[in-house]
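# Understanding the architecture of this molecule
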Amino acid sequence: MTEDVHAERRERAAARLRETGADGLVCFPSRNLQYLTGFAEEPAERHLLLVVPAGDRATDGASVPEPAFLVPALYETQVREETTVGAVRTWADGDDPTAAARELLGDLGLRGGRLLVDDTMWATFTQDLRTAAPGAEWGLASEALADLRVRKDEAELDAMRAAAAAADETVRDLRDLGADAIGMTERDLADRIADRLAAHGGAGTSFETIVGAGPNGAKPHHGCGDREIRAGEPVVLDFGTRVDGYPSDQTRTLVFDGDPPAEYERVHEVVREAQAAAVEAVEPGVPAEAIDRAAREVIEDAGYGDAFVHRTGHGVGLDVHEEPYVVAGNDRELEPGMVFSVEPGIYLDGRFGCRIEDLVVVTEDGCERLNDTDRGWR
């Protein structure tokens, strides 16, 4: 991604803060921080904060104070090299980070007013922020950032297309295994998936890979274990990788050798038709719940409604699960740039499961599938 992308996002975030009546935003190591700066780091015990002021809502044309980092001294060079945030303050081990936060917030005029913090910020940091700004009112960053992050820009979409392509190529590799997969354990196959994702340009796995063989496939979030793949058994394969921090998420249900149970062929066809109906329903202005309904009606009409036990999909971005959620009761209208999964499934306890999943991007007149591999079971 170009450096300007993150600066533009910070500008949009400041504008959104003004629209929502908030005075500032404080992020710690999180997907929000990554979205605004490109800096990806896991939370730890030291205070590493980004403060984004909203600026003066009352004065047209007034200059908006620049966002600023407060970081442990050992991160200074890394943050300066990896982000375009110009203001970087540091504190050293032995200093009081709460005092440093109080000083920064005061310099930015944010000791009071309404401040938003990361939804996932650890309690120890939120408590220290309350001490640093005792006159402030508090809210969650999602109030300002959710509407920005839900519509992906071209840089984000390019990364997600590349991650989806790596998953597609990995599915093709899995199909090529054929009878060679028989006797492998679910965990062996998960390791093979991770290897192939990396070979096709992915960085790690975007979540714990699911390999559900036979009856394990009837548990939607099974994970993977020591069960061996057997001839004629449907195997649910749900996995993804990341490119430039953005994930893919794809599911195919394959039979590697032999003939599956007779009912499985019917179940698979019902799931395939349900997914196709849901994808066909995607376009701007349609409520998210209508996509869920399109898939669910196909499965219910086939007599398997009770075996479809989860929502049809979830938004995907820097977080693998984020807005919009494709579920009954969500009347939020779809907008161009939204990305979400379409993944209906049927799960027959003690026997097998079947799920087919692709990611789609809402376009101006419909949607773009990010995955294009065959959706059949062989």
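Residues numbered from 1 in each chain as written. Predicted model: local features only at pLDDT ≥ 70, side-chain atom pairs only at ≥ 80, totals over all residues. Heavy atoms only, no water.

Where an unreviewed UniProt entry is consulted, the protein chain appears under the name Peptidase M24, with the organism given as Halorubrum kocurii JCM 14978.

## Description of the sheet that holds strand 7 (residues 210-213)
The 3 strands are arranged 7-8-11 in an open sheet whose pairing can be described as antiparallel. Because the sheet does not close on itself, it has two edges, and the strands there are strand 7 and strand 11 (250-255). Averaged over all pairs of adjacent strands, the angle between their axes in this sheet comes to 15 degrees, without regard to strand direction. Taken together, the 6 bridges between strand 8 (residues 234-239) and strand 11 define a ladder with antiparallel strand orientation. Bridge pairing links valine 236 to threonine 253 in strand 11. (Pairing = 2+ DSSP bridges. Helix = DSSP H or I, 4+ residues; strand = E, 2+ residues; numbered from the N terminus. Axes fitted to C-alpha atoms, helices over the stretch in contact; angles between N-to-C directions.)

## Remarks on the pairing of strand 11
Taken residue by residue, a regular strand's side chains alternate between the two faces of the sheet. Across the 6 residues that make up strand 11, a large majority, 6, are buried. Burial along strand 11 is two-sided: the residues Gln250, Arg252 and Leu254 and Thr251, Thr253 and Val255 are all buried. (Buried < 20%, exposed > 50% of the residue type's maximum accessible area, 1.4 Å probe, protein only.)

## Examining the nonpolar core
Core analysis: the largest hydrophobic core is formed by 36 residues, its most contacted members being Leu17, Leu25, Leu36, Leu50 and Phe69. Broken down by secondary-structure element, the contributors of at least two residues to this core are helix 1 (3-20), strand 1 (24-27), helix 2 (31-37), strand 2 (49-53), strand 3 (68-72), helix 6 (142-149), helix 7 (154-177) and strand 17 (358-362). Here this core takes 4 residues from helix 7, the largest share from any one element. Leave out the neighbours within four places in its chain, and leucine 17 touches Ala22, Gly24, Leu25, Val52, Pro53, Ala54, Leu116 and Ala144. Counting residues in hydrophobic clusters, the runner-up holds 33 residues, among them Tyr304, Phe340, Ile346 and Val360. (Core = buried A, V, L, I, M, F, W, Y, C linked by side-chain atoms within 4.5 Å. Contact = heavy atoms within 4.5 Å.)

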